[in-house]
Amino acid sequence: MGKSTLQQRVEQANKAGRIARIPFITAGFPTKAEFVGILRELDAHGADVIEVGVPFSDPVADGPVVEAASRVALEQGVTLPWILEQLAGLTPRLKAGVVLMGYYNPFLQHGLERLAADAAKAGVEGFIVPDLPLGEDAPMRAALRAHSIDLIPLVGLNTSEERMREYAATASGYVYVVSVMGTTGGTNSMNATVEDALERVSRVFSVPVALGFGIHSPQQLASLRVKPQAAVFGSALLRHLEAGGTVAEFMKPWVS
Amino acid sequence: MKKGYFGEFGGQFVPELLVPPLRELEEACETIVASSDFQEELGDLLRNFAGRPTPLTRCDNLSRDLGFTLWLKREDLLHTGAHKVNNTLGQALLAKRMGKKNLLAETGAGQHGVATAAAAAKMGLGCTIFMGATDVVRQAPNVARMKLFGATVVPVHSGTSTLKDAINEALRAWIARQDDTLYCFGTAAGPHPFPTLVRNLQSIIGQETKKQAAERMGRLPDAVVACVGGGSNAIGMFYPFASDDAAKGVRLIGIEAGGTGEPGCYNSAPINLGTPGVLHGQHSMLLQDAFGQVQPSHSVSAGLDYPGVGPEHSYFAQVGRVHYRVVYDAEALRAFETLARREGIIPALESSHALAFVLEHREEFTPGSHVVVNLSGRGDKDMGIVAGLLPSLQGDA
């Protein structure tokens with residue numbers, strides 16, 4: 001399998017001497033009307049890839065910030081077809097790649113083949129599905145592969161090297177390392193356990209490594225002995241925007 | 001059949017961070033639970049702590065009216081008031097043998113929370129119970145009982161603040177606490193291996209019933225009826241019949257809660273009124289909208305108030321081994337009152353649904369036949385709810 005577009009995006013950032021920047025934003029945040037504007041701003045302020053959260057009623061891997069954003073989005077009537085429509089309607093397209101992050105059931109109900117076709121039309125390059133571990137992922141992976149869309153694996157601090165190797169066999173795009181034993185937005189100490197996991201992941205996977213969950217500033221990554229190739233930040237961005245901050249302000253430390 | 005699946009239903013749809021503790025539990029099921037040593041200690045706990053075997057009571061007064069013999073499997077007589085303790089004692093003992101120090105669990109009405117807290121106290125384990133904030137208010141006496149057993153009760157404010165949200169929060173907590181804690185799942189649902197583990201621990205209900213039927217009826221019953229929320233009492237009752245070729249002729253009937261029955265009302269009947277979907281780690285029948293968002297559920301019985309159902313029930317429905325029917329709030333309330341007045345037993349509102357099916361659909365049972373209803377719990381906990389709903393309890397004392 002050749003390198004996917006997503007993988008190339010991360011590697012291009014690395015070639016420019018920096019960690020690839022992957023902001024996460026819940027679809028329809030802060031309102032349906034403002035969402036596309038936020039996407040444009042993230043794109044203009046240095047995002048390499050944008051993860052768009054597909055809201056779900058029961059987000060078991062998410063902490064309070066993303067869960068609340070998800071609930072607000074659902075109350076506004078944000079649906080998967082609406083999200084795909086918004087993305088498909090972006091002219092010009094974003095410079096950054098787009099990845100959809102969401103729970104399995106809304107994807108399953110849309111129909112996996114139809115989802116892959118619709119996502120391809122909307123320019124989506126990858127999916128992250130936190131409740132679809134190895135062993136359950138084959139149908140979705142097959143549907144996405146037909147349209148050259150990546151299914152990004154998630155691994156954690158407690159994932160064995162043996163299981164990582166199983167993941168690595170089918171991984172494309174990048175591999176997402178969950179840096180906390182908890183939910184999104186959790187407190188992150190960036191301790192030796194994280195470094196050990198990063199080391200293990202880097203050894204096992206040939207695709208780039210993205211670190212996420214509880215990341216709020218580039219300083220957090222500065223002290224790491226083993227660096228990821230990309231950083232994902234979601235809850236911190238949502239909190240910043242909720243408090244009235246701008247995308248430009250938030251992205252500044254990541255860009256400079 | 002794929003491991004952890006019942007036909008197309010089941011699976012392990014969880015964050016990767018929960019895969020290692022689920023694997024650990026899976027191994028413990030195969031080694032520890034299967035050992036004679038474990039079974040012996042559990043048997044002792046069930047006999048001498050929980051109060052097994054539970055009786056099979058013949059309802060003479062109602063049987064005369066019905067024209068067939070109605071029997072009740074009396075899980076309501078168990079310690080803590082329902083079948084839940086069969087499961088929690090098993091999982092608490094398992095936790096202890098796995099070297100875990102704590103249990104965590106979700107609860108809706110509080111029955112599983114109370115049974116978990118009691119088992120934790122008995123086994124010397126720490127205990128944290130996640131409970132929807134709405135339920136904490138509605139079920140205050142059960143919150144007090146859990147606290148009395150030494151459990152920490154954590155109110156959950158997310159989502160609809162009820163059982164499904166308590167499960168979400170318990171799963172999140174287990175991610176962080178998996179090293180020293182076992183998630184004592186309350187029903188035969190959730191990610192593999194919980195549906196199988198809980199079914200096996202609850203199967204003592206059906207095993208005893210078969211034995212008692214042989215002694216009292218001289219044969220197997222003709223029909224067995226149980227209520228289905230997540231479905232643990234029902235699967236515990238049905239499985240020993242469904243897995244026995246000699247019991248092929250026994251009609252198995254699962255009763256889902258239909259809510260008020262008004263058009264478009266919220267209900268708790270995913271097998272009858274839902275579609276297949278993924279929630280809480282499993283692929284099973286689910287109440288959801290066209291976009292895959294989980295719908296709120298409703299039933300007058302808090303213990304049945306859940307938008308999903310255990311995967312093995314979805315499978316039994318699909319292959320036709322069990323027939324699943326719907327009973328509405330008002331029918332369950334009538335059955336609640338009828339059993340109290342005619343037989344001197346107060347059934348839980350959950351179990352009242354199963355009983356109501358027999359009373360309201362008597363023409364579906366053959367005259368002279370033997371019908372067993374699983375009386376999964378006692379109704380003392382429901383007095384506050386029924387006091388406002390039953391006309392006979394209104395007015396001057």
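Structure shown above.
Notes on the structure follow. The residue count restarts for each chain, going from 1 along the sequence in the order it is written. Chain letters and ligand numbers both follow the written order, the letters beginning at A and the numbers at 1. It should be noted that, the model being predicted, local features are given only for residues of pLDDT at least 70 and side-chain atom pairs only at 80 or more, the latter also being counted only at that level, while totals for whole chains, interfaces and linings use all residues. Side-chain measures here rest on the full set of heavy atoms in the structure, leaving out hydrogens and waters.

This next bit is on the pairing of strand S1 (residues 20-26) of chain A. Residues and elements named next belong to chain A. Of all seven residues that make up S1, seven are buried, and the element is covered over most of its length. Only strands that DSSP links by at least two bridges are regarded as paired with each other. Where helices and strands are cited, they refer to DSSP runs of H or I of at least four residues and of E of at least two residues respectively, numbered from the N terminus. With four bridges connecting them, S1 and strand S9 (residues 230-233) associate as parallel partners. Each residue of the ladder has a partner; that of Arg21, found in S9, is Ala231. Pairing of S1 with strand S2 (residues 49-54), which is carried by three bridges, proceeds in the parallel orientation. When the sheet's bridge partners are listed, Ile25 is paired in S2 with Val52. A clockwise course of the path from the first strand over the helix to the second, judged with the strands pointing away from the viewer, identifies a crossover as right-handed. Handedness of the crossover joining S1 and S2 through helix H2 (residues 32-44): right-handed. Throughout, exposure labels follow a simple rule: accessible area from a 1.4 Å probe, protein chains only, divided by the maximum for the residue type, with under 20% read as buried, over 50% as exposed, and the rest as partly exposed.

Strand pairing in a sheet is mediated by backbone hydrogen bonds. Such pairs are either parallel or antiparallel. All names here are of chain B. A sheet is described by the order of its strands in space; here six strands give the open sequence S3-S4-S14-S9-S10-S13, paired in mixed fashion. Lying at the two open borders of the sheet, with one neighbouring strand each, are strand S3 (56-58) and strand S13 (322-327). Adjacent strand axes in the sheet meet at a mean angle of 25° when their direction is disregarded. As defined by bridge partners, S3 adjoins strand S4 (residues 69-74) across three bridges and the pair is classed as antiparallel. Considered in S4, the bridge of Leu56 is made with Lys73. Every angle, taken between N-to-C directions, lies between 0 and 180 degrees, and every axis is a line fitted to C-alpha atoms, over only the stretch in contact when it is a helix.

Before going further, it helps to examine the nonpolar core. Here, nonpolar core refers to any group of buried Ala, Val, Leu, Ile, Met, Phe, Trp, Tyr and Cys residues whose side-chain atoms link them within 4.5 Å. Residues Ile25, Leu100, Phe127, Met140, Tyr174 and Phe205 of chain A are the most contacted members of the largest nonpolar core, which totals 162 residues. The biggest single contributor to this core is helix H8 (residues 163-177) of chain B, with eight residues. Throughout, a residue-residue contact means that at least one pair of heavy atoms, one from each residue, lies within 4.5 Å. When neighbours within four sequence positions are excluded, Ile25 of chain A is seen to be in contact with Phe35, Ile38, Leu39, Leu42, Ile50, Glu51, Val52, Gly53, Leu237, Leu238 and Leu241 of chain A. The next biggest cluster of nonpolar side chains, apart from the first, holds 28 residues, and it includes Cys59, Val358, Val373 and Leu375 of chain B.

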